[in-house]
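As a plain string of letters, each chain reads:
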Amino acid sequence: MSNPPSTGLRSWLTTTDHKRIGTLYFWTAFAFFLIGGLEALIIRAQLAQPDGSLVSADTYNQLFTMHGTTMVFLALMPMTAAFFNWIVPLQIGARDVVFPRLNAFSYWVFLLGGLFMNASFLIGAAPDGGWFGYVNLTGPQYSPGLNIDFWVLGLQILGVASLAAGFNFIVTILNLRAPGLTMMRLPVFSWMTLVTQFLVITAFPVITVALVFLLFDRTFGTNFYVPAAGGDPVLWQHLFWIFGHPEVYILILPAMGIVSEVLPTFSRKPLFGYTVVVYSGVLIGFMGWGVWSHHMFSVGLGPIADSFFAAATMLIAIPTGVKIFNWIATLWGGQIRFTTAMKFAVGFIAMFIIGGLSGVSHASPPSDLQQTDTYYVVAHFHYVLFGGTVLGLFAGMYYWIPKMTGRLLSERLGSWHFWLTFIGMNLTFFPMHFIGLLGMPRRIYTYAPELGLGTMNLVSTIGAFVIGLGTLALVINVLWSRRHGEPAGPDPWGGATLEWSIPSPPPPHNFDVIPTVTSRLPRWTTEHPAAPSAPGSAVHVPPGSWWPLVAAAGLPIMASAVVTKLLALVFLGAAVLVFGIYRWAYEPFEV
Amino acid sequence: MRDSATVIFEAPDAVSRLRYWLPVLVLGILACAGDYQQSTLHPASDFAGRLDHLFRGIFWWALGVFVLVEGALLVAIIRFRRRPGGDQPRQVHGHTALEIGWTIAPALILVFIAVPTIRAIFASTGAATPGALRVEVVGHQWWWEFRYPELGITTANELHVPVSRPVALEMQTADVIHSFWVPRLAGKRDVIAGRVNRLAFTADSVGTFLGQCAEYCGESHANMRMRVMVDTDSGFAAWVDRQTAEPPSPDSGSLAFQGRDVFGRSACIGCHMLDGVPVARAQVGPNLSRVGGRATIAGGLFPNDTEHLRRWIANAPAMKPGALMPQMDLAAEDLDAIVAYLQSMK
Ligand SMILES: [Cu+2]
Ligand SMILES: [Cu+2]
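Residues numbered from 1 in each chain as written. Chains lettered and ligands numbered in written order. Predicted model: local features only at pLDDT ≥ 70, side-chain atom pairs only at ≥ 80, totals over all residues. Heavy atoms only, no water.

A.B. asks: Would you mind going over the packing of helix α2 (residues 18-47) of chain A against helix α3 (residues 57-91) of chain A in detail, with residue names and values included?
C.D. replies: Residue and element names in this part refer to chain A. Contact pair α2 / α3: the axes reach a minimum separation of 7 Å and the direction vectors enclose 155 degrees. Our classification of the angle between α2 and α3 gives roughly antiparallel. Pair α2 / α3 crosses with left-handed handedness. Each residue belonging to the contact of α2 with α3 can be placed in one class, and the counts come to 25 nonpolar, nine polar and two charged. (Axes fitted to C-alpha atoms, helices over the stretch in contact; angles between N-to-C directions. Helix = DSSP H or I, 4+ residues; strand = E, 2+ residues; numbered from the N terminus. Parallel < 35°, antiparallel > 145°, perpendicular 65-115°, else oblique. Left-handed = near helix turned anticlockwise from the far one by under 90°. Nonpolar A, V, L, I, M, F, W, Y, C, P; charged D, E, K, R; others polar.)

Laid out in structure tokens, this is it:
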């Protein structure tokens, strides 16, 4: 019996360990986060003053498209995946996910899909149709270049990664929980992971279909979206937002899960209303399916449809509000320690409230007619996705990186990171409410001086660079602490859940003995949990495998066929994929 | 127990919070004071007024909730910071009555928002009232076409309407999706291939109102602007008369006369309609019949003066990225002649 290699390039390329895959997700998502942030800074520099001329219209359109696409698909989702990978198996007392090689496959497909999409920059043809890619603008007639092809195929590849990971985590959470860890004892982060993955496996097929139609229209001359031939551009909008709204919850629910772990730990109190928080999450997941047309109030769907989607959207504010109240009640009466993780978690609540409230104003269709497609909406969803998801993920970093690396992040740098980010984001996004209400549409590379919005835009741009400084503090912190951070020990925070019962970083097999769980907060309710006895023999850890990587490589090769017009690549890519899966299937179970 | 005022004063966080709220306040004041020509907060029609009223109602509700909830959060994090020697807090797990309470409270508030919302939805369907001035709006990459079917007028980027008379817009696109938006007069309505969408409004004051396309529509989406000129009844009637009168014909031998000739044998006629030049019947670009009378050209981007007109006709894409009017190869004197002719077409 040989354990898998633990150092060297090969160990990373062949790893099937959920923790190492989590680390790969972390660094890749981090890199894409920096790229997406850089794109945002160029966008803000261009808009600092009216009639800006830093970049051309064409470049700007590529930048805002890639900023959105990158942040959603290549930075935030994969960063949540880094936490799913690292933390969920530890929280449920498992030695790995159910399908470790499928897990590796997900990561490689994600990495290659991201690289494929960004390779378009090298030939100056990055996607330029917006992250929402509305047809018929993105159809062959109005976007004949390769830009949209890179986007369509890149998203298709990324969808494969998300779907594979979605199934993997659902099966893992449902089946690999430690004895006694019933569903209603499951930590909220793992719960929200489960809900998120259900949304992934139901939402991604919808966009897959929408993208297949578009791919066919573009490559084979079909007419799914061509009005002259009886196709309908509004069909795309429905399909895109049937995916797109659940996608919002795919991005926010994991952050809500993180915050629901951090708040109790640093208040020294259990989460207030655990059951209600969990069920609200589930309810939000369900209701998230019935609100998509609130992105389409200016389409003119008619008063009945508008009324329905307005009511549904307002309803979803209720479980969301309930979560917020429960978080505040968790703090209430606690002994709050303001570690950096806690600052970010509280910042999350404060900012998410603003995002939620502005959301109500465009849940009302008539009011939204003035707000949709303006900077007001940009302000709204950055309070949700930056103030919410990103701050939540930052909280998760300060909370769990010590578990991953065995070293604490610097609290001093963390404080700089928090305050710069918090002040920067409010400087950036708060003025955008006014910028939008005073008449500035989104997705414009320049605006007229007559609008009188130069000063506010300048403030917003300065704010963006303050966020940039904050992010720099994070980068330094993460890199510095890997060597010089204080040793964390198994449980630096006094956490309640299982991941804090094992060393940091955990051994490859996580748990010497699979724990038995008797309560929701296993480490708080048992004063001295019985020290698990050492296992009789060393725990076997499966060796790594090359085949997930090989199989994953087939997909971008196939996609390249469309942009190079070399049909042979389809067959080559398919052969690589099938070969990889074949060897994977017949790989000896034990080596 | 210290009283809460001193607590706030002593907490360093409160100071930085103040530092953060101050600019917010300043911005808020700015937003009410300035001269914002494309503002949704300064409505000048019944339709925009209805939307503004609804938004303001929602805003006050939201502000109330904001103050209460952020206030509760602030109190919690200030009052319950860990004190040295503080003991283990009481391990509360939940409270059913509270949960029910804070589920019902937002639901009630939402009722107060939903009812006026649904009323406003049904009042804003865009159905034309009898006697309304009908205008057909056509979005093009990247300019707006306005046609008055009852008056036989076609113009571009500048919509003229009379004050206090209902206007009914029937909106389509010639290519991709655009969105018609003149914030002070009307909320957005998309124009989508294969559909006709409607908007209706009655302007309540005379003036020029800025608008622009609000749906991303390709390279020059930012440059697809427009103006609505709301005029008195007599002012509007005078405009209509100018548009529908016999096209002015330049004196023979003048520069403009020469220009008409050049126009008639240039590529221009492949894309433009111009009443004074019978062969110019194409409808790819804006109708140029009374182009001399417009305040702006090229989707409201440039003032309609000799310099800009000349540069535009020589090389449009250099002034407006992606413009679908190609660079023209015209001799300098031909260019001057065309400009003179177009300027005479008022
Ligand atoms: Cu949505
Ligand atoms: Cu546009």
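A.B. asks: Can you break down the side chain of A:D96 residue by residue, with the values?
C.D. replies: Residue and element names in this part refer to chain A. With respect to the helices and strands, D96 occurs in the loop between α3 and α4 (100-119). There is no salt bridge for the buried D96, and the closest opposite charge comes from K19, which lies 6.3 Å off by N-O distance. One polar contact links the side chain of D96 to the main-chain amide nitrogen of H18, over a distance of 3.5 Å. Residues contacting D96, with those up to four places away along its chain left out, are T16, D17, H18, P89, T172, L176 and N510. (Buried < 20%, exposed > 50% of the residue type's maximum accessible area, 1.4 Å probe, protein only. Lys, Arg positive; Asp, Glu negative; His and termini not counted. Salt bridge = Lys/Arg side-chain N within 4 Å of Asp/Glu carboxyl O. Polar contact = N/O pair within 3.5 Å; in protein donor to acceptor, adjacent residues only side chain to side chain. Contact = heavy atoms within 4.5 Å.)

A.B. asks: Lay out the coordination of the copper ion (ligand 1) with the relevant residues and their values.
C.D. replies: All names here are of chain A. Here the copper ion (ligand 1) is held by H245 (ND1), H294 (NE2) and H295 (NE2), and the distances to it run 1.7 to 2.0 Å. Along the chain, the residues that donate to the copper ion (ligand 1) are spaced as H-x48-H-H. Here H295 lies in the loop between α8 (274-287) and α9 (303-331) and H245 lies in helix α7 (residues 233-267), a separation of 50 residues in the sequence. The exposure class assigned to H245 is buried, which follows from its relative accessible area of 5%. According to the relative accessible area criterion, H295 is partly exposed, its value standing at 26%. (Donors = N, O, S within 2.8 Å, 3.2 Å for Na, K, Ca; no water.)

A.B. asks: Provide a residue-level description of the coordination of the copper ion (ligand 2), including the pertinent values.
C.D. replies: Around the copper ion (ligand 2), the protein supplies B:C213 (SG), B:E215 (O), B:C217 (SG) and B:H221 (ND1) as donor atoms, at distances of 2.1 to 2.5 Å. We note that the donor set of the copper ion (ligand 2) lies within a single chain, spaced as C-x1-E-x1-C-x3-H.

A.B. asks: Account for the confidence of the model for chain B, naming residues and giving values.
C.D. replies: Residues and elements named next belong to chain B. Mean pLDDT over chain B: 91, with 90% of residues reaching 70 or higher. Here residues 1-12 scores under 50 on pLDDT; set against residues more than four positions off or in separate chains, the count is five contacts. Here the predicted complex scores 0.94 on pTM and 0.93 on ipTM. (pLDDT = per-residue confidence, 0-100.)

A.B. asks: Provide a residue-level description of helix α4 (residues 96-123) of chain B, including the pertinent values.
C.D. replies: Between the first and last C-alpha of α4(B) there are 41 Å, a value that for 28 residues agrees with the 40 Å anticipated at 1.5 Å per step. Among all positions in α4(B), only B:E99, B:W102, B:P106, B:L110, B:I113, B:T117, B:A120 and B:I121 are buried. Tucked into the core, α4(B) has its buried residues touching α8, α9, α10 (340-363) and α11 (365-371) of chain A together with α3 (46-79) of chain B. (Expected span 1.5 Å × (residues − 1).)

A.B. asks: Explain the sheet that holds strand β9 (residues 207-212) of chain B to me, using residue names and the numbers behind them.
C.D. replies: Residue and element names in this part refer to chain B. In spatial order, the strands read β4-β10-β9; together these three strands make up an open sheet with mixed pairing. The open sheet has two edge strands, β4 (158-162) and β9, and neither has a second partner. On average, each strand axis in the sheet is inclined to that of its neighbour by 20 degrees, with strand direction left out of account. Looking at chain direction, β9 and strand β10 (residues 225-231) are connected through six bridges and run antiparallel. Considered in β10, the bridge of G211 is made with M226. Sheet contacts for helix α5 (residues 233-244): β4 and β10; angle to β4, the most-contacted strand, approximately 130 degrees. (Pairing = 2+ DSSP bridges.)

A.B. asks: Please give an account of the domain arrangement of chain B that cites residues and values.
C.D. replies: Residue and element names in this part refer to chain B. Each assigned domain of chain B is listed with its residue range as follows: domain 1 (133-244) and domain 2 (255-344). One C-alpha centre belongs to domain 1, the other to domain 2; they are set 22 Å apart. Each side of the interface is counted separately: domain 1 has 20 residues, and domain 2 has 17 residues. The junction of domain 1 with domain 2 conceals about 1500 Å² of combined surface from both sides, 49% of it contributed by carbon and sulfur atoms. Where domain 1 meets domain 2, there are zero salt bridges. (Domains from an automatic or database assignment. Buried area = accessible area lost by both parts, 1.4 Å probe.)

A.B. asks: Give me the pattern of salt bridges: which residues, what numbers.
C.D. replies: Residues and elements named next belong to chain B. Scanning all chains against the criterion turns up 18 salt bridges over all chains. Between R134 and E170 there is a salt bridge, and its shortest N-O distance comes to 3.0 Å. Placement of R134 in strand β1 (residues 133-140) and of E170 in strand β5 (residues 166-173) is noted, with a sequence separation of 36 residues between them. Each of R134, E136, E145, R147, E150, E170 and R198 takes part in one network of salt bridges that share partners.

A.B. asks: Describe in detail helix α6 (residues 188-220) of chain A, supporting the description with residues and values.
C.D. replies: The terminal C-alpha atoms of α6(A), which comprises 33 residues, lie 46 Å apart, in line with the 48 Å expected from a rise of 1.5 Å per residue. Where α6(A) terminates, the next one or two residues include A:G221, which has phi positive at roughly 70 degrees.

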